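Examination of the molecular architecture
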Amino acid sequence: MRKEVYHISLRTSQMINVVRLIMIIGVIYVHAIPILKPIDSPIITAFSSLMRGPIGTSGIALFFFLSSILTYKKEFTFKSNFRKKCLSLLLPYIAFISFWILVVFVMQLYTPLLVLFHFDSQVILWGKPVIQWTPLDWFDAYTGFVHGTPFVYPFWFIRDLFLVNIFASLIKKAVDSNPYISGIILTTISIVLMQIGTYGLTLFSFALGYYVIKFNISLEKVNDINISLILVGYVALVLCFSITFKYIYYILVFPLVIVGNILYLQIGYCLIDKKHDKYLLKIAPWSFGIFCFHEYFLRFFRKIASMIIPQIPILVIIEYCILPLVLCLFCLLICKILNSLPFSPLKLLLGGRGSKSSKRMNK
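Throughout this description, residue numbers start from 1 for each chain and increase along the sequence as written. Owing to the predicted nature of the model, reporting of local features is limited to residues with pLDDT of at least 70; listing and counting of side-chain atom pairs is limited to 80 or more, with chain, interface and lining totals taken over all residues. To get the side-chain values, take all heavy atoms of the structure and skip hydrogens and water.

**Some details on the overall build of the chain**
Helix and strand assignments come from DSSP, with helices taken as H or I runs of at least 4 residues and strands as E runs of at least 2, each series counted from the N terminus. Per the secondary structure count, the chain includes 15 helices and zero strands. In terms of C-alpha radius of gyration, the chain reaches 21 Å, essentially the compact-globule figure of 21 Å for 363 residues. When its C-alpha atoms are laid out on the principal axes, the chain stretches across 60 × 50 × 45 Å. Buried residues are those whose accessible area, probed at 1.4 Å on protein chains only, stays under 20% of the maximum for their type, while exposed residues exceed 50% and partly exposed ones sit between those limits. Looking at the chain residue by residue over its 363 residues, the buried ones come to 48%. By definition in these notes, contact holds between two residues if any of their heavy atoms fall within 4.5 Å. Residue pairs in contact within the chain that sit at least 24 positions apart in sequence constitute 77% of those at least 6 positions apart. Within the structure as shown, the chain displays about 18300 Å² of accessible surface, and the carbon and sulfur contribution to it stands at 72%. All radius of gyration figures rest on C-alpha atoms, and the globule criterion is 2.2 Å times the number of residues raised to 0.38. With residues, only the protein chains shown are counted as cover, and all accessible areas are computed by Shrake-Rupley using a 1.4 Å probe.

**Some thoughts on the environment of Gly148**
Relative to the helices and strands, Gly148 is located in the loop between α5 (135-143) and α6 (156-166). Here Gly148 falls in the partly exposed class, since its relative accessible area comes to 36%. Residues Gly148 and Thr198 lie 50 residues apart in sequence; the distance between their C-alpha atoms is 8.7 Å. When residues no more than four places from it in sequence are discounted, the contact partners of Gly148 are Trp156 and Arg159.

**Observations concerning the nonpolar core**
In this structure, Phe151, Phe155, Ile171 and Leu219 are the most contacted members of the largest nonpolar core, which totals 107 residues. Among the elements that make up this core, the one with the highest residue count is helix α11 (residues 248-273) (14 residues). Here, nonpolar core refers to any group of buried Ala, Val, Leu, Ile, Met, Phe, Trp, Tyr and Cys residues whose side-chain atoms link them within 4.5 Å.

**Things to note about the pattern of salt bridges**
A pairing counts as a salt bridge when a side-chain nitrogen of Lys or Arg comes within 4 Å of a carboxyl oxygen of Asp or Glu. Here the structure, examined in full by the defined rule, presents six salt bridges. The salt bridge partner of Arg11 is Glu220, with a shortest N-O separation of 3.0 Å. Separated by 209 residues along the polypeptide, Arg11 in helix α1 (residues 10-31) and Glu220 in the loop between α9 (199-214) and α10 (227-240) bring together distant segments of the chain.

**Focus on unusual backbone geometry**
The backbone of Asn216 shows a phi angle near 50°, a positive value even though the residue is not glycine. Relative to the helices and strands, Asn216 is located in the loop between α9 and α10. Asn216 gets classed as exposed once you look at its relative accessible area, which sits at 52%.

**Quick notes on the side chain of Thr57**
Examined against the element boundaries, Thr57 turns out to sit in helix α2 (residues 42-72). The class of Thr57 is buried, set by a relative accessible area of 10%. Apart from residues lying up to four places away in sequence, Thr57 is in contact with Leu201, Tyr249 and Val253.

**Looking at the packing of aromatic side chains**
Ring geometry is summarised as follows: Phe, Tyr and Trp rings, the Trp one being its six-membered ring, pair when their centres sit within 6.5 Å, and such pairs are stacked at plane angles under 30 degrees, edge-to-face over 60 and tilted between the two. For the structure on display, the rule yields 33 aromatic pairs. Summarising the aromatic geometry, the rings of Tyr29 and Tyr320 are spaced 5.5 Å apart at their centres and angled 75° between planes, so their arrangement reads as edge-to-face. On the criterion of sequence distance, the pair formed by Tyr29 in helix α1 and Tyr320 in helix α14 (residues 313-340) is long-range, its members being 291 residues apart. Residue classification places Tyr320 among the buried residues on the basis of a relative accessible area of 6%.

**Let's talk about the packing of helix α13 (residues 287-308) against α14**
Remark: α13 packs on α14, axes separated minimally by 9 Å, with the N-to-C direction vectors making an angle of 130°. If you check the angle between α13 and α14, you find them oblique. The element α13 and its partner α14 pack so that their crossing is right-handed. On α14, the residues that touch Gly289, Ile290, Phe293, His294, Phe297, Leu298, Phe301, Arg302, Ala305 and Ser306 of α13 are Glu319, Leu323, Val326, Leu327, Cys328, Phe330, Cys331, Leu332, Ile334, Cys335 and Leu338. Each residue gets one label: Ala, Val, Leu, Ile, Met, Phe, Trp, Tyr, Cys and Pro are nonpolar, Asp, Glu, Lys and Arg are charged, and the others, such as Gly, are polar. Considered class by class, the residues forming the contact of α13 with α14 number 16 nonpolar, three polar and two charged. In this analysis, axes come from line fits to C-alpha atoms, helices being fitted only over the stretch in contact, and the angle between any two N-to-C directions falls in the range 0 to 180 degrees. The scheme is simple: roughly parallel for angles under 35 degrees, roughly antiparallel for over 145, roughly perpendicular for 65 to 115, oblique for anything else. Each crossing gets its hand from how the near helix is turned against the far one by less than a right angle, where anticlockwise is left-handed and clockwise is right-handed.

**Some points on α1**
Helix length check: α1, at 22 residues, gives a terminal C-alpha distance of 32 Å against a target of 32 Å (1.5 Å per residue), a fit within 8%. Extensive coverage of α1 is indicated by the burial of 16 of its 22 residues. To estimate how far a helix should reach, multiply one less than its number of residues by 1.5 Å.

**A closer look at α13**
At His294, α13 is deflected by roughly 50°, the largest bend along its length. Across the 22 residues of α13, 16 count as buried, placing the element largely inside the fold. Note that the bend at a residue is defined as the angle between axes fitted to the seven residues ending at it and the seven residues starting at it.

**Some details on the state of the cysteines**
Defined simply, a disulfide is a covalent bond joining two cysteines at their sulfur atoms. Note on terminology: pairs of cysteine sulfur atoms within 2.5 Å are recorded as disulfides. All chains considered together, the criterion is met by zero disulfides. Here Cys321 is not cross-linked by a disulfide; its sulfur's nearest cysteine counterpart is in Cys328, at 14 Å.

**Topic: the packing of α10 against α11**
Direction vectors running N to C along α10 and α11 enclose 150°, while the axes themselves pass 9 Å from each other. In this view, α10 runs roughly antiparallel relative to α11, as classed from their interaxial angle. Seen along the crossing, α10 lies across α11 with a hand that is left-handed. Residues Ile227, Ile230, Leu231, Gly233, Tyr234, Leu237, Val238 and Cys240 of α10 touch α11, and the partners they reach there are Ile248, Leu252, Pro255, Leu256, Val259, Gly260, Ile262, Leu263, Tyr264 and Gln266. Of the residues belonging to the contact of α10 with α11, the class tally is 15 nonpolar, three polar and no charged.

Here it is in structure tokens:
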């Protein structure tokens, strides 16, 4: 039994589950932005840029931050943590990428089906049919190290989270030895890593989570901060990202992450305290399943909707508002059906999450 070094109250546990579900829904809305493409409007363009840029970045950072807290809240060894993350992250990562590669491969064998569910060239691994993939293509499909993202591109998040967990013990030792100097070094490394991808955001957010554990900072203390001030600060930082300055991202992203974390946690606590979490908490255990299933089904839904719904601005906006919610319910239904099977593989595929016996928050 691992020793607990950081206590998470029931209220905070529920808040984390609710916030993660809301963030997953937010991720789907970000990925659904191509729906708005038919609308030629500067307002829509600005909205898309903010959702894909600072708002999306701060939301994703929160996932790494909370994952770090859930990792470090109990003592662990490198071996035990690696084994656990292989089951909870690496196994679903490989399984779902393999599943979607198989789906696309089958579609490529039957031209009418491929035409119906048209994929852009980036999704079909840069225009190459699966049967023509080279060993490097297969390697990149699972790692994304060449083009930045794996075949199922939202899974870059799982990849980065798994990689940073490999260094979790090292991060802990560095911070324990000298938290202040280590903080400067880790931030510097994060800035450097920003130049080559998302790894800098991952490292900074994950390290930030351990600082909460190290100094025993209760997440509930975010409620002591004036939410109006935080909201104004967050909006100001988001708007600053519209400045056309080459290095503005690297200057502002870290304060944006910290302010965004505080804001989102406050909203989560508010939902819990106002008793708006009744249905959210029932769905929350399936957040990871919704995440794993959503990307290609979203592409299917978009294609079908574009064939049925006239692509005029007002209807496109309504489509954008409703489709992600319908997709969430559809993915939830898939998870429920698979989980109800006598010999369901879902618990294994989701790394132990969302099972009927899950009474504690997912890690």
